[in-house]
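Structure assessment
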Amino acid sequence: MEAEIFPQVLWRLGPLQLTDTLVTAVALTLVLWLAGWWLSRHLQLHPGPLQTAVEAAVLAMEDAVRDLVPRYVEQVAPFIMGLWWFLLVANLIGLIPGLQSPTRDLSITSALALLVFLSVHWFGIRAQGVRAYLRHYLQPFPFLLPFHLVSEITRTVALAVRLFGNMMSLDLVALIVLMLAGFLVPVPVLMLHVVEALVQAYIFGMLALVYIAGGIQAHEAKMLQKGETQ
């Protein structure tokens, strides 16, 4: 059971380890990139079912980004969409026999959370400038700076642990059911796994979007105030 639950180390060099989940994550990233490249070059005026489904998903994701950062859709949407597509497939790929969900590995979810952490500051600095962005940590009072810094760290840790914990628990439940029922796993259990995987991908992506929106919120407020006064 241990070999099925925990990531398997394929190669080791000192403290560095190459696990099966890391290989899966890298391969998944490459496959998604190739799929996006292929689809973007085979668009049809009268789309088929695949193109229709992808376009509907992309429009829904774009609308979600536009609702929170309407002035920065073109900058933020590609990152959020890429994150959502990766999480959707990564969470569901564990249902394929012989494959494991990369998001059941804490190192993978930590890397994703760190990516969100860096992206928040990147978009915030692009929107406000370095000095204006750093100044917001002193608002509304300078003595709140330590609390702002602790909040940045804790929400990043929570983002990684939440996804890891939920996906690990899903794999544990699926493994227990498989051991008890063999390959005749009840369909409702599999459907629950699919629904929960989709929900976790949605939550992670929405939290990332909310954090990024918070990073540029001050600049958005200034732009709106200028528009109202003109």
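Remember, it's a predicted structure, so these values are computed and weren't measured experimentally. Position numbers for residues count from 1 along each chain, tracking the sequence in the order it is written. It should be noted that, the model being predicted, local features are given only for residues of pLDDT at least 70 and side-chain atom pairs only at 80 or more, the latter also being counted only at that level, while totals for whole chains, interfaces and linings use all residues. Computation of side-chain values: all heavy atoms of the structure, hydrogens and water removed.

**Notes on the overall build of the protein**
Secondary structure is summarised from DSSP: a helix means a run of H or I of at least four residues, a strand means a run of E of at least two, and numbering begins at the N terminus for each. Check the secondary structure of the protein and you find nine helices and two strands. Listing the helices and strands of the protein from first to last along the sequence gives α-β-β-α-α-α-α-α-α-α-α. Type-normalised accessible area, obtained with a 1.4 Å probe on protein chains alone, sets the label of each residue: buried when under 20%, exposed when over 50%, and partly exposed for intermediate values. For the protein, the proportion of its 230 residues judged to be buried stands at 33%. Counting every atom, the protein has about 14,200 Å² of accessible surface; 72% of that belongs to carbon and sulfur. Accessible surface is estimated by sampling points in the Shrake-Rupley manner with a 1.4 Å probe; for residues, cover comes only from the protein chains shown.

**Things to note about the nonpolar core**
Of all hydrophobic cores here, the largest spans 41 residues; its most connected members are V76, I80 and V116. The greatest single-element share of this core, amounting to 11 residues, is contributed by helix α4 (residues 73–92). In what follows, residue pairs with any heavy atoms lying within 4.5 Å of each other are defined as contacts. Contact partners of V116, with chain neighbours within four places excluded, come to F79, L83, L159, F204, A208 and Y211. For this analysis, a nonpolar core means a set of buried residues of the types Ala, Val, Leu, Ile, Met, Phe, Trp, Tyr and Cys, connected via side-chain atoms within 4.5 Å.

**Some details on the UniProt feature "transmembrane region" (unreviewed entry) in the protein**
Per the UniProt record, the feature "transmembrane region" (unreviewed entry) sits at residues 21–40, 76–99, 106–125, 172–191 and 197–216. In residues 21–40, the share of helix is 100% and the share of strand is 0%. The end C-alpha atoms are 28 Å apart. Taken end to end, residues 76–99 has its terminal C-alpha atoms 31 Å apart, with 71% of it in helix and 0% in strand. UniProt positions are given in the numbering used here, feature names are shortened, and annotations may be inferred rather than shown by experiment.

**What to know about α4**
In a regular helix each residue adds 1.5 Å, so 20 residues correspond to 28 Å; α4 covers 27 Å between its end C-alpha atoms and thus fits that length. Considered for burial, the residues of α4 that qualify are V73, V76, A77, F79, I80, M81, L83, W84, F86, L87, A90 and N91. To estimate how far a helix should reach, multiply one less than its number of residues by 1.5 Å.

**Side note on the packing of aromatic side chains**
Two rings from Phe, Tyr or Trp (for Trp, the six-membered ring) form a pair when their centres sit within 6.5 Å of each other. Planes less than 30 degrees apart are called stacked, planes more than 60 degrees apart edge-to-face, and all others tilted. Counted by the stated rule, this structure contains three aromatic pairs. Residues F79 and F123 carry aromatic rings whose centres are separated by 6.3 Å and whose planes lie at 55° to one another, so their mutual orientation is tilted. With F79 in helix α4 and F123 in helix α5 (residues 106–128), this residue pair connects regions lying 44 residues apart in the sequence. Neither residue differs from the other here; F79 and F123 are each classed as buried. With 5.9 Å between their ring centres and 90° between their planes, Y133 and Y137 make a pair best called edge-to-face.

**Observations regarding a nonpolar patch on the surface**
Candidate patch residues must exceed 30% relative accessible area and have no salt bridge, after which like charges are joined if within 9 Å and Val, Leu, Ile, Met, Phe, Trp or Tyr side chains if within 5 Å. Here, a salt bridge means any side-chain nitrogen of Lys or Arg that lies within 4 Å of a carboxyl oxygen of Asp or Glu. Residues L10, W11, L13, L16, L18, L22, V23 and V26 make up a contiguous nonpolar surface patch of about 730 Å² in total accessible area. Among the secondary structure elements, those contributing two or more residues to the nonpolar patch are β1 (9–13), β2 (16–19) and α2 (20–40). Within the element layout of this structure, L16 appears in strand β2.

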